[in-house]
Amino acid sequence: MGHNKRTAVLTAGIVSLLKDKSAIKVAGTLNADGSPYIAANDSLSTLDGQTLILSEALEKSVSNRNLVRGIWFDKPVSFHVARGDEAYYIQAKVYRCLIAGKLFEQMLLRKRAEEGADADISLVWEFIPVSVEEVSAKVLRKEQEARHPYFDRHLDRASIRTANN
Amino acid sequence: MAADRVLEIDRLGRKYPDVPRFIILKLDLLRRGARLTSRALDAVQNDEYRFGPMLIFFKNGGSKKTDRSNPGSMLLRDGTTAPVSFEEYFEDPYRVDYTSGKFILYDGRVRVDEVDFTPRPKYYGHLTTSGIPMESIASARAQRLIICAYRHCHLWDTGDQCKYCAFFTDLKASRPAFDTPLRRGVDPEDIYETVREVLKEPGRISEIYLTAGMDYRGEHFFDEEVERYIRILQAIGRNFKGRFSSQIMAPAYSKAQLTRLYRETGLTSYCPNIEVWDERLFGWICPGKNKWPGRKEWIKRTLDAVDIFGKGNVYTQVVAGVELARPHGFKTVDAALRSNLEACEFFAKRGVIFLSTVWRMNPASALAGQKNPPLEYIIRLSKGLYDIRKAYGLSSDNDDYKHCGNHADADLERID
Ligand code: SF4
């Protein structure tokens, strides 16, 4: 990690991934003891192309309590977003918690449109991306091979050995 | 001076590192109030923010109508509600300005943070069938609907009102606000219709809260008031399939009255506020409650309510800081703190949630001219109350940051 180009800008590619319901979206937060906690959250998206937004279903979920701790005590949060062979790692700051208002209602109505009129959300979180890295398998391998060409290349692989061995 | 005070928030933040800056800021906002610049006031004159009609209250207790509206409660970035007063009589309020599409909070010239306000509910501007403006019946916090069931406190009839209180001094204040004077009583049907309208807005409300001035009339103390609450709660209940998240802040009722309230309505929680724990100070500050039904009985009835509503569903509050009021209050914050923490422990042991709100001196009250409590005291108190309740496994679900917003000590429970 850390060798790829970091940017806090959400490119069009990431925005399209974030807006895709079928993409894999995982949020990583920190527990009180500093240990990591991860949870899938397919509500993760961007509405303005600049900040990230997600809804939490439960006030008392581990993720939600960790996000409160994140905004209170300035703890980072990270996301992994992937679809097919695309993947991004986003580090972010917890910016705002919404318990009412237009964005809250928008996220609630989105959930109800997907899951039925009785679906509910607890609250909505907004994040400011601090860094974005492409972490698809292809990109990571290319990067590593540029710096460490002899790692992870077992010599029995067909792409390495000759056919007559 | 203002810059020093922001440093004071941060200095205290460093001294109490497990109390978040947002909560310290909230406590300070409650003590000191806030004023909107003319730009910020302009930015709330719309259907997104316009709340109650704006009255200006003066140091002498009088009021004047203006042609503008105030916003609702302030919302901090972490979702904390700060029910800040925007009234004129605060000596040294925070300032809210509006720049680049954002509300920014300042202490003097120092930028503190971006803030927002509780959105204007969509039922505002609607009338009930009988022509009553719905916003005169219920107001809203972020997730709580607040219904004032009776707009008079009979303790004022005999001069027995709580010393810090300025509610219902008369109904004149409502006249400029709503053009027609508000009646003392509210028709349950108007309340039913208002709640029905409120529920049309998706995800707007998750608790209904009833409050009123004290009415001790009846064969037994409070019989008339209990009847009124039962009628109102039954009317509200027609909107729901069963019990619904709700609380009444009311006097200490007898077990028989509470049993009826619980059995005959969908009520889920009950909050008879003790206001001041110390026996001597209770008698001085709350002379009316000391008569109807008296401190000992108030406490006994609060504990009895746990048998009916269950552990953790009965609440009581103190008006933090009033126990330091001159001339009879505690001389030191340590003594005041000891008293309140003792009360919290007493109630927590018995399944009652003991919360604090911050006293804001009101010029129309008997304690006009006195000082609001020191910030460090209310930080220590909030943390102390939170720690005690946590040790007893209590969680203030009906009075948390979403359902109420008055209690910094309950806000701290968000990470548990
Ligand atoms: S009971 Fe006390 S605090 Fe409540 S309205 Fe009456 S005088 Fe005011």
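Residues numbered from 1 in each chain as written. Chains lettered and ligands numbered in written order. Predicted model: local features only at pLDDT ≥ 70, side-chain atom pairs only at ≥ 80, totals over all residues. Heavy atoms only, no water.

Asks: I would appreciate a short explanation of the domain arrangement of chain B in the present structure.
Replies: How big an interface is tends to be stated in terms of the accessible area lost upon association of its parts. All names here are of chain B. By the assigned domains, chain B splits into domain 1 (2–117) and domain 2 (134–415). The distance between the C-alpha centroids of domain 1 and domain 2 comes to 24 Å. Buried area between domain 1 and domain 2, both sides added, is near 2,800 Å², and the carbon and sulfur share of it is 63%. Contact with domain 2 buries area across many residues of domain 1, yet Leu 27, Arg 31 and Tyr 89 alone supply 21% of it, more than any other trio. Applying the counting rule to domain 1 against domain 2 returns four salt bridges. Across the salt bridge formed by Asp 411 and Lys 26, the nearest N and O atoms sit 2.7 Å from each other. (Domains from an automatic or database assignment. Buried area = accessible area lost by both parts, 1.4 Å probe. Salt bridge = Lys/Arg side-chain N within 4 Å of Asp/Glu carboxyl O.)

Asks: In this structure, what is going on with empty space enclosed by the protein? I would like to understand it.
Replies: Unfilled space is identified by rolling a water-sized probe across the atoms. All names here are of chain A. Following the criterion strictly, the structure yields one cavity of 30 Å³ or more and no others. Considered as a void within the structure, the largest cavity measures approximately 30 Å³ in volume. If you trace the largest cavity, you find it lined by Thr 29, Leu 30, Asn 66, Leu 67, Gly 70, Lys 75, Pro 76, Val 77 and Val 94. Listing elements by their share of the lining of the largest cavity, those giving two or more residues are strand S1 (24–30) and helix H2 (62–73). In terms of residues, the lining of the largest cavity owes the most to one element, H2, which gives three residues. By residue class, the composition of the lining of the largest cavity is five nonpolar, three polar and one charged. (1 Å grid on protein atoms, 1.4 Å probe; cavity = no way out; pocket = protein on both sides within 12 Å on 5 of 7 lines; lining within 4 Å. Points joined across faces, edges and corners; volume = space filled by probe spheres on them. Helix = DSSP H or I, 4+ residues; strand = E, 2+ residues; numbered from the N terminus. Nonpolar A, V, L, I, M, F, W, Y, C, P; charged D, E, K, R; others polar.)

Asks: How should I be thinking about helix H2 (residues 21–32) of chain B in this particular structure?
Replies: Residue pairs three or four apart in sequence face the same way in an α-helix, which turns once every 3.6 residues. Residues and elements named next belong to chain B. With twelve residues, H2 ought to run about 16 Å at 1.5 Å a step, and its terminal C-alpha atoms sit 16 Å apart, in line with that. The element H2 is largely enclosed, with a buried count of eleven among its twelve residues. Among the residues of H2, Phe 22, Ile 23, Ile 24, Leu 25, Lys 26, Leu 27, Asp 28, Leu 29, Leu 30, Arg 31 and Arg 32 are the ones counted as buried. Count one or two residues on from H2 and you reach Gly 33, which has phi positive near 70 degrees. (Expected span 1.5 Å × (residues − 1). Buried < 20%, exposed > 50% of the residue type's maximum accessible area, 1.4 Å probe, protein only.)

Asks: Is there a simple way to think about the pattern of salt bridges in this case?
Replies: Two side chains of opposite charge can pair, provided their charged atoms sit close to one another. Residues and elements named next belong to chain B. Considering all chains together, one arrives at 51 salt bridges over all chains under this definition. A salt bridge links Asp 97 to Arg 39, with the nearest nitrogen and oxygen atoms 2.5 Å apart. Of the two residues, Asp 97 is situated in strand S6 (residues 94–99) and Arg 39 in helix H3 (residues 38–43); the sequence distance between them amounts to 58 residues. Take Asp 97: its relative accessible area is 7%, and that puts it in the buried class. When the shortest N-O distance is used, the salt bridge between Asp 78 and Arg 414 registers 3.9 Å. Highlighted residues: Asp 78 in the loop between strand S4 (74–75) and strand S5 (81–82) and Arg 414 in the segment after helix H14 (408–411), separated in sequence by 336 residues. Residue Asp 78 is classed as buried on the basis of its relative accessible area, which comes to 0%. The structure contains a network of salt bridges with shared partners spanning Asp 28, Arg 31, Arg 32, Asp 92 and Asp 107.

Asks: Even after reading the chapter, I still don't get the interface of chain A and chain B, so can you show me in this structure?
Replies: With 24 residues of chain A in contact, the opposing surface of chain B contributes 26 residues. Where chain A abuts chain B, roughly 2,200 Å² becomes buried across the two surfaces, and 55% of that area is made up of carbon and sulfur atoms. Between chain A and chain B we count four salt bridges in total. Linking Lys 122 of chain B and Glu 105 of chain A is a salt bridge whose minimum nitrogen-to-oxygen distance equals 3.0 Å. The tally of links between chain A and chain B comes to 14 residue pairs in polar contact (both at pLDDT 80 or more). (Contact = heavy atoms within 4.5 Å. Polar contact = N/O pair within 3.5 Å; in protein donor to acceptor, adjacent residues only side chain to side chain.)

Asks: Would you take a moment to explain the packing of aromatic side chains for this structure?
Replies: Aromatic rings in a pair are described by how distant their centres are and how their planes are angled relative to each other. Residues and elements named next belong to chain B. Counted by the stated rule, this structure contains 20 aromatic pairs over all chains. An angle of 65 degrees between the planes, with centres 6.0 Å apart, marks the rings of Phe 86 and Phe 117 as edge-to-face. One end of the pair, Phe 86, is in the loop between S5 and S6; the other, Phe 117, is in strand S8 (residues 110–117), with 31 residues separating them in the sequence. Here Phe 86 matches Phe 117 in class, with each residue buried. Here the aromatic cluster, defined as three or more aromatic residues joined through ring pairs, consists of Phe 221, Phe 222, Tyr 253, Tyr 262, Tyr 270 and Phe 309. Residue placement shows Arg 228 over the ring face of Tyr 150; its charged tip is 3.8 Å from the ring centre. Cation over ring: Arg 350 sits above Phe 346, and NZ or CZ is 4.0 Å from the ring centre. (Phe/Tyr/Trp six-rings, centres within 6.5 Å; stacked < 30°, edge-to-face > 60°. Lys NZ or Arg CZ within 6 Å of the ring centre and 35° of its normal.)

Asks: Explain the pairing of strand S14 (residues 314–320) of chain B to me, please; I cannot follow it from the model alone.
Replies: Every other side chain in a regular strand lies on the same face of the sheet, so the side chains alternate between the two faces. Residue and element names in this part refer to chain B. Of all seven residues in S14, seven are buried, a share of seventy percent or more. Because side chains alternate across S14, one face comprises the buried residues Val 314, Thr 316, Val 318 and Ala 320, and the other comprises Tyr 315, Gln 317 and Val 319, equally buried. Here S14 pairs with strand S15 (residues 352–358) via seven bridges, running parallel. Directly across from Val 319, in S15, lies its bridge partner Thr 357. (Pairing = 2+ DSSP bridges.)

Asks: Help me understand H2 of chain A in this model?
Replies: Residue and element names in this part refer to chain A. The end-to-end C-alpha distance of H2 is 16 Å, a good match for the 16 Å that twelve residues give at a rise of 1.5 Å each. Here H2 lies mainly inside the structure; nine of its twelve residues are buried. All of the buried residues along H2 are Ser 63, Asn 64, Asn 66, Leu 67, Val 68, Arg 69, Gly 70, Ile 71 and Trp 72. Asp 74, located one to two residues past H2, shows a positive phi value of around 55 degrees.

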